[in-house]
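Residue-level structural notes
Spelled out from the first residue to the last, the chains are:
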Amino acid sequence: MTVARSLLLFVLAALLEIGGAWLVWQGIREHKGWIWVGLGVISLGLYGLVATMQPDANFGRILAAYGGIFVAGSLLWAVVMDGFRPDRFDIVGALICLVGVGVIMYAR
C-alpha cells in the first residue's frame, strides 16, 4: 500500500505543479490575466505541500524521483492540454525517467 500511496502522491504533485506552471504561463504568455497567474501560484504552493506527504523522509530522494514524474507528466499534459505530439525520443526519454523513478524510490 505504501508504493500505491507514494505513486498517487506523485501523480497529485505532478497535476499541481505542472498545472500551476501552465496556469502562470497562460496568464502571462497567453495574456489570460492575473487571476490565472494567482491560481497557478496557489497550485504551485499546494504542490510543495503534497510533496511533504511522501512516506520517504529524504527530501533529495523525493525531489529527484519526482523529476522523472515531472518529465513524463509534462509531456502528457502537453498532449492533453496543448495538442502536442511527442516523437519517439520524447516517449523513450520519458520512459527512461520513469524507470529512474522506480529505481530511486522502490528498488529496495
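In this report, the structure presented in the accompanying data block is examined.

Rules used in this analysis
Residues numbered from 1 in each chain as written. Predicted model: local features only at pLDDT ≥ 70, side-chain atom pairs only at ≥ 80, totals over all residues. Heavy atoms only, no water. Core = buried A, V, L, I, M, F, W, Y, C linked by side-chain atoms within 4.5 Å. Buried < 20%, exposed > 50% of the residue type's maximum accessible area, 1.4 Å probe, protein only. Helix = DSSP H or I, 4+ residues; strand = E, 2+ residues; numbered from the N terminus. Contact = heavy atoms within 4.5 Å. Salt bridge = Lys/Arg side-chain N within 4 Å of Asp/Glu carboxyl O. Axes fitted to C-alpha atoms, helices over the stretch in contact; angles between N-to-C directions. Parallel < 35°, antiparallel > 145°, perpendicular 65-115°, else oblique. Left-handed = near helix turned anticlockwise from the far one by under 90°. Nonpolar A, V, L, I, M, F, W, Y, C, P; charged D, E, K, R; others polar. Polar contact = N/O pair within 3.5 Å; in protein donor to acceptor, adjacent residues only side chain to side chain. Expected span 1.5 Å × (residues − 1). Arc of directions from axis to C-beta.

1. Regarding the nonpolar core
- The biggest cluster of nonpolar side chains holds 17 residues, and the ones touching the most others in it are F10, Y66 and I69.
- Only α1 (2–29), α2 (34–51), α3 (59–82) and α4 (88–106) provide two or more residues apiece to this core.
- Of the residues forming this core, the biggest block, 8 residues, is contributed by α1.
- Apart from the residues within four sequence positions on either side, I69 is in contact with F10, A14, L98 and V101.

2. Some remarks on the pattern of salt bridges
- Overall, the coordinates contain 1 salt bridge when judged by the stated rule.
- Residue D56 pairs with R61 through a salt bridge whose shortest N-O separation is 2.9 Å.
- You can call R61 partly exposed: its relative accessible area is 27%.

3. Let's talk about the packing of α1 against α2
- Contact pair α1 / α2: the axes reach a minimum separation of 7 Å and the direction vectors enclose 160°. The orientation of α1 with respect to α2, classified from their angle, is roughly antiparallel. Between α1 and α2 lies a crossing whose hand is left-handed.
- Looking at the contact of α1 with α2 residue by residue, the classes come out as 17 nonpolar, 6 polar and 1 charged.

4. Concerning the side chain of D56
- With respect to the helices and strands, D56 occurs in the loop between α2 and α3.
- A polar contact of 2.8 Å, which involves the side chain of D56, links it to the backbone nitrogen of N58.
- Ignoring any residue separated from it by four or fewer positions in sequence, one finds D56 in contact with R61, I62, M105 and R108.

5. Points about the environment of V103
- Relative to the assigned elements, V103 resides in helix α4.
- Classification of V103 as exposed rests on a relative accessible area of 52%.

6. Remarks on α4
- With 19 residues, α4 extends 26 Å from end C-alpha to end C-alpha; this agrees with the ideal 27 Å at 1.5 Å per step.
- All of the buried residues in α4 are A94, V101 and M105. When α4 is viewed along its axis, its buried side chains cluster within an angular range of 5° and face the same direction. Exposed side chains of α4 directed beyond 90 degrees from the buried face belong to R88, F89, I96, V99 and V103.
- Structurally, the start of α4 carries an N-cap: the backbone nitrogen of F89 is 3.0 Å from a side-chain oxygen of D87.

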